[in-house]
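Working through the structure, step by step
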Amino acid sequence: MITFSINGQEVGGEEGWTVLDVARWHGIEIPTLCHHEAMEPFGACRLCAVEVDDGRRTRVVISCMYPIREGIKVQTETPRVANVRRWIAQLLLDESPQAPNIQELAKSFGVTPSRFKKTGVESACHLCGLCIRACQEVVGVQALTFGNRGVLKEVTSPYHRRSQDCIRCGTCLYVCPTGAMEQIFPLVSSE
Amino acid sequence: MQITSIDDLQKAKVGGLAQLYPPKPKILVGMATCGLAAGAQRVYDLLHKKAQQEHWEGVVEKTGCIGICYQEPLVDLIIPGKPRVTYAEMSPEKAEALWEELAAGRVPEKQVLARMDVDGMILDGGPRKLYQGKLKGFLAKVPRYEDLDFFKLQRHIAMRNCGFIDPDNLLQYIARGGYFALYTALTTMTPDQVIQAVTTAGLRGRGGGGFPTGVKWASCRKAKGWPKYVLCNADEGDPGAYMDRSLIEGDPHSILEGMLIGAYAIGSSEGYIYVRAEYPLAVKTLQRAILAAREAGLLGTNILGSGFSFDLKLNLGGGAFVCGESTALMASIEGKPGEPRAKYVHTADKGLWNRPSNLNNVETWANVPVIIAKGADWYRDIGTEGSKGTKIFSLVGQVKNVGLVEVPMGVSIKQMVQDIGGGVPEDREFKALQIGGPSGGCIPREQWDLPIDFDSLWDAGAMMGSGGMIVMDNSTCMVDVAKFFLDFLIDESCGKCIPCRLGLKRMRELLEEFSSGKGSLEDLEELQSLSEAVKDGSLCALGGSAPNPVLTTLRYFREEYEAHILHHKCPAAVCKELITYTITPELCNGCTACVQECPQGAITGTKKEPHTLNSALCIKCGACFEVCKFGAVAVA
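Residues numbered from 1 in each chain as written. Chains lettered and ligands numbered in written order. Predicted model: local features only at pLDDT ≥ 70, side-chain atom pairs only at ≥ 80, totals over all residues. Heavy atoms only, no water.

1. With respect to the overall build of chain B
Secondary structure assignment for chain B yields 26 helices and 20 strands. A compact globule built from 636 residues should have a C-alpha radius of gyration of about 26 Å, and chain B, at 27 Å, falls within 12% of that. Across the 636 residues of chain B, 61% fall into the buried class. Excluding contacts between residues fewer than 6 apart, the proportion of contacts in chain B whose partners are at least 24 apart in sequence is 71%. (Helix = DSSP H or I, 4+ residues; strand = E, 2+ residues; numbered from the N terminus. Rg over C-alpha atoms; globule rule 2.2 N^0.38 Å. Buried < 20%, exposed > 50% of the residue type's maximum accessible area, 1.4 Å probe, protein only. Contact = heavy atoms within 4.5 Å.)

Spelled out as structure tokens, the structure:
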């Protein structure tokens, strides 16, 4: 048993647990987007950021990947953490203003659409990678992958060809938090 | 030649020395990428052909870059019993003239840059005087290397062999003390003693982070798991920075020897060098060095009869800047997309293929043999309290002397720009030094007494980075600078995490508004808070440090941002939407040069009459400003 504190409350967990695991066990709220119990943590959305004092320094880390250590002090609602989360909500809302779960997220942070609009393809995909990871880790095939990089990064199938590995199980459609997979699926799935 | 014992090493050294300083004249041509870009290949070919045709007694060889890149191509003449003489800015024609002089038995006098009386040879018992007695005549008047402003403050430790040896020649490397440090480590020190020496020496990572190298090695040695990997980061990607490339091209074996010593200390028998594919000469040089070392038995099993075994492979990078980040680099070697992962579990424990791995930068590795050969105390005498040794910088931008500079830590920005760099061009003023690569910071003139070391730079909001240094004068707009570096980082972001992928883009959008006179002071606060969010929230060091150019320019040049926002003015007259070109009638003598140059037909006027500029047609290209010899075109 490893004991440490979250927001001053003494908590504990087993070796191999993350801060998020322990927080959820104790009913402490931390927002997430790219996290899913059935898959390995990925660390893309950064929404689950918390501030950790490990005795040497205090820094912002992501709770879904940070392994718990004896005696660390975790704070889930500091000004630095709030600033990171607010900006993520703002940026996501401006990228995909129509997606219901993004609207909900933005609302919880009191964020409204800014004057900056996304240009180019209208898609509510925010590259959380749940579809790709579900395909690989849960279904066990590699019909989906990331393509390109930076602002051009996209969810696609290997070599941009409709995948022959796809079994049309629909898991990707099911896990997609924004519904963007509805648009992508016909382009990547097997015929 | 097999080198399996100290006797072999000594023999190789004797052979190498006979090549370094042969009893006959020798011509050296600087053929690193900087030399080649300036035309060194044609100079070399000409001299080589002449020497063959005329059955010259001497030899013509290539060497790496000694650092003074703005004077390339360089040709050196080494005549027994005379100082080494360096000739600068050579061309095939000038080389031919040089050859004529040489063939006539004279020491050529044209194009001379400097002479070298003493070869430092720091690893091999110290200075070697190249001639005896007193110099007379022409040679006495040639300035010595250490008299040149560019070299006065320099001290070459990592670059110890660059510009001295043929990088493809293992014997010449050994002749200058190479691989003796490896022998010392393998035969007289335990791995822990090696780590202790590197720790005591105070060596910190030269790739950017400045993490204590000894501590890194110790944690990898302690880590459980097998095999362990020793890696070299040669994925140098900062715009304008080429320290690692020059080191590889000039002295590849120093990196190999450093890695061998590191591998012995850590307990590793396998390694990789991750080098950019865009560095074709560096790749070839490394390939040849690895082959030569393997052939000599310096890579492989039972090295120097010690029982220690190590070998390494080259891995070519595919052109992604982010692959210089340790976890992305390892993913790339594994054949996966070059994306970073969280480092809450250190790569010393779980790195390449989830095995304990130790990654150091090219320059860090090149320093290791020196620490073993000269001792930790010798090394820690150089530099400042927290930053020991020397650091190589590539000094570029609006400065007279451009090149690679290796100085002891703690040299001030002023010394760097004024003394070594020769200052900014006459009619301009020094404004800021951008240091640390695209995610470094801009340090203003007010702080130019700042000593350049890891901690001072960090406190000033910049970072050492890999050592890129861009000098900026008052014709540079700091908002524009922030835009430039953000553009680079947006292009190079892997796109995995939201703060970096979308945050940088939004920062860029805000800057675009400022540079076109839009935006408000509240937006400036937004930019500040977004920068903090990207810094805190990003997955890897690329995103974590990407806001630095914005944060430091906001910190030191806030009034320049405010001038854009509040007064719709760009003080440096760079941001096109905020400047206007006008013609001052009193200064215009009606030469019509601008009329002919203007691509828009925006300037009208007849000969000998002051011209007029129609600002409605003007696209602010600046062509009139450039062409006017009378200062009649004003920009504000």
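The rest of the description comes next.
2. A word on the overall build of chain A
Across its full length, chain A holds six helices and seven strands. For chain A, the sequential pattern of α-helices and β-strands runs β-β-α-β-β-β-α-α-α-β-β-α-α. Here the C-alpha coordinates of chain A stretch approximately 55 × 40 × 25 Å along the principal axes. Residues classed as buried in chain A amount to 50% of the 191 residues present. Taking as baseline every contact in chain A between residues at least 6 positions apart, the subset at least 24 positions apart corresponds to 49%. For chain A, the exposed area adds up to about 9,700 Å²; of that, 51% sits on carbon and sulfur atoms. In chain A, 20 side chains carry a positive charge and 21 a negative one; their mean positions are 8 Å apart. (Areas by Shrake-Rupley, 256 points an atom, 1.4 Å probe, with all protein chains shown as cover. Lys, Arg positive; Asp, Glu negative; His and termini not counted. Charge placed at Lys NZ, Arg CZ, Asp CG, Glu CD.)

3. Digging into helix 23 (residues 548-556) of chain B
With eight of its nine residues buried, helix 23 of chain B lies for the most part within the structure. In this structure, the buried residues of helix 23 of chain B make contact with strand 15 (441-444), helix 19 (478-492), helix 20 (498-515), helix 21 (521-537), helix 22 (541-545) and helix 24 (558-566) of chain B.

4. Structural notes on the domain arrangement of chain A
All names here are of chain A. Splitting chain A by domain gives domain 1 (2-77), domain 2 (78-119) and domain 3 (130-188). Once you take the C-alpha centre of each, domain 1 and domain 2 turn out to be 22 Å apart. Contacts between the two partners involve 15 residues from domain 1 and, on the opposite side, eleven residues from domain 2. Between domain 1 and domain 2 the total buried area reaches about 1,100 Å² when both faces are included, carbon and sulfur atoms providing 64% of it. (Domains from an automatic or database assignment. Buried area = accessible area lost by both parts, 1.4 Å probe.)

5. Quick look at the interface of chain A and chain B
Counting residues at the interface gives 33 residues for chain A, matched by 34 residues for chain B. For the pair chain A and chain B, the two sides together bury roughly 2,900 Å², of which 56% comes from carbon and sulfur. Considering only the side of chain A, the residues that lose the most area to chain B are W87, F116 and R149 of chain A, jointly responsible for 22% of the buried surface there. Counting the contacts that link chain A with chain B gives eight salt bridges. Between chain A and chain B we count 20 residue pairs in polar contact (both at pLDDT 80 or more) in total. Here the element with the most residues in the side of chain A that touches chain B is helix 2 (residues 79-95) of chain A; it accounts for eleven residues. Class assignment of the residues belonging to the side of chain A that touches chain B gives a composition of 17 nonpolar, six polar and ten charged. (Salt bridge = Lys/Arg side-chain N within 4 Å of Asp/Glu carboxyl O. Polar contact = N/O pair within 3.5 Å; in protein donor to acceptor, adjacent residues only side chain to side chain. Nonpolar A, V, L, I, M, F, W, Y, C, P; charged D, E, K, R; others polar.)

6. Some words on the packing of helix 23 of chain B against helix 24 of chain B
Residues and elements named next belong to chain B. At a closest axis distance of 5 Å, the pairing of helix 23 and helix 24 adopts a crossing angle of 90°. Considering their axes alone, helix 23 and helix 24 lie roughly perpendicular with respect to each other. Along the contact surface, helix 23 presents V550, T553, L554 and Y556, while helix 24 presents R558, E559 and Y561. (Axes fitted to C-alpha atoms, helices over the stretch in contact; angles between N-to-C directions. Parallel < 35°, antiparallel > 145°, perpendicular 65-115°, else oblique.)

7. A word on the packing of helix 8 (residues 180-188) of chain B against helix 12 (residues 252-266) of chain B
Residues and elements named next belong to chain B. Interaxial distance between helix 8 and helix 12 falls to 9 Å at its minimum, and their mutual angle equals 10°. On the basis of their axis angle, the class for helix 8 and helix 12 is roughly parallel. Here helix 8 contributes F180, A181, L182, A185 and L186 to the contact with helix 12, which in turn contributes E257, L260, I261 and Y264. Per-class residue counts for the contact of helix 8 with helix 12 are eight nonpolar, no polar and one charged.

8. A short note on the sheet that holds strand 9 (residues 270-276) of chain B
All names here are of chain B. With parallel pairing, four strands are arranged side by side in an open sheet as 10-9-8-11. What marks the edges here is a single partner per strand, and that holds for strand 10 (311-317) and strand 11 (357-361). Neighbouring strand axes in the sheet, compared pairwise and without regard to direction, differ in orientation by 20° on average. As defined by bridge partners, strand 9 adjoins strand 10 across seven bridges and the pair is classed as parallel. The residue of strand 10 that forms the bridge with G271 is L312. (Pairing = 2+ DSSP bridges.)

9. Some points on the nonpolar core
Formed by 133 residues in total, the largest nonpolar core has its most connected members in Y179 and M416 of chain B. For this core, the leading source of residues is helix 12 of chain B, giving nine residues. Residues in contact with Y179 of chain B, not counting those within four places in the same chain, are L9, L170, Y173, I174, H253, L256, E257, L260, A293, L298 and L304 of chain B. Ranked by size, the runner-up nonpolar core spans 126 residues in total, among them A106 and V111 of chain A together with C497 and V633 of chain B. (Core = buried A, V, L, I, M, F, W, Y, C linked by side-chain atoms within 4.5 Å.)

10. Concerning the packing of aromatic side chains
A ring pair, where both rings are aromatic, is described by two values, the distance of the centres and the angle of the planes. Residue and element names in this part refer to chain B. Going through the model one piece at a time under the given rule, you end up with 19 aromatic pairs over all chains. Consider the rings of F514 and Y561, whose centres lie 6.3 Å apart with planes at 85°: the pair is edge-to-face. On the criterion of sequence distance, the pair formed by F514 in helix 20 and Y561 in helix 24 is long-range, its members being 47 residues apart. The two residues F514 and Y561 agree in class, both being buried. Through pairs of rings, three or more aromatic residues link up here, namely Y70, Y145, F150 and F151. Here K129 stacks its cationic end above the ring of Y131, 4.6 Å away from the centre of that ring. The ring of Y279 has R245 sitting right over it, with the charged end atom 5.9 Å from the ring centre. (Phe/Tyr/Trp six-rings, centres within 6.5 Å; stacked < 30°, edge-to-face > 60°. Lys NZ or Arg CZ within 6 Å of the ring centre and 35° of its normal.)

11. Concerning the pairing of strand 1 (residues 26-30) of chain B
Residues and elements named next belong to chain B. Counted residue by residue, strand 1 has five buried out of five residues, so it is predominantly covered. With burial as the criterion, each face of strand 1 is covered, one bearing K26, L28 and G30 and the other bearing I27 and V29. As judged from the four bridges shared by strand 1 and strand 3 (residues 75-78), these two strands associate in the antiparallel manner. Bridge assignment links L28 to a residue of strand 3, and that residue is D76.

12. A short note on the domain arrangement of chain B
When the domains of chain B are assigned, the result is domain 1 (9-152), domain 2 (179-379), domain 3 (390-473), domain 4 (478-566) and domain 5 (580-635). Domain 3 of chain B and domain 5 of chain B are separated by 37 Å when their C-alpha centres are compared.

13. Side note on the sheet that holds strand 4 (residues 84-87) of chain B
Residues and elements named next belong to chain B. Taken in spatial order, the five strands line up as 2-1-3-4-5 in an open sheet, and their pairing is mixed. Of all the strands in the sheet, just strand 2 (59-63) and strand 5 (112-116) have a single pairing partner and so form its edges. For this sheet the average axis-to-axis angle between neighbouring strands, irrespective of direction, equals 20°. Summarising the sheet, strand 1 and strand 2 pair through five bridges and their orientation is parallel. Residue V29 lies in a different strand from strand 2, and its bridge partner there is K62.

14. Overview of unusual backbone geometry
All names here are of chain B. Cis geometry is adopted by the peptide bond preceding P73, which originates at E72 and carries an omega value of -5°. Within the element layout of this structure, P73 appears in the loop between strand 2 and strand 3. Residue P227 is reached from W226 by a cis peptide bond, and omega for that bond is -5°. Secondary-structure assignment places P227 in the loop between helix 10 (213-222) and strand 8 (229-234). A positive phi angle, close to 50°, is found at W353, a residue other than glycine. If you trace the backbone, W353 turns up in the loop between helix 14 (326-333) and strand 11.

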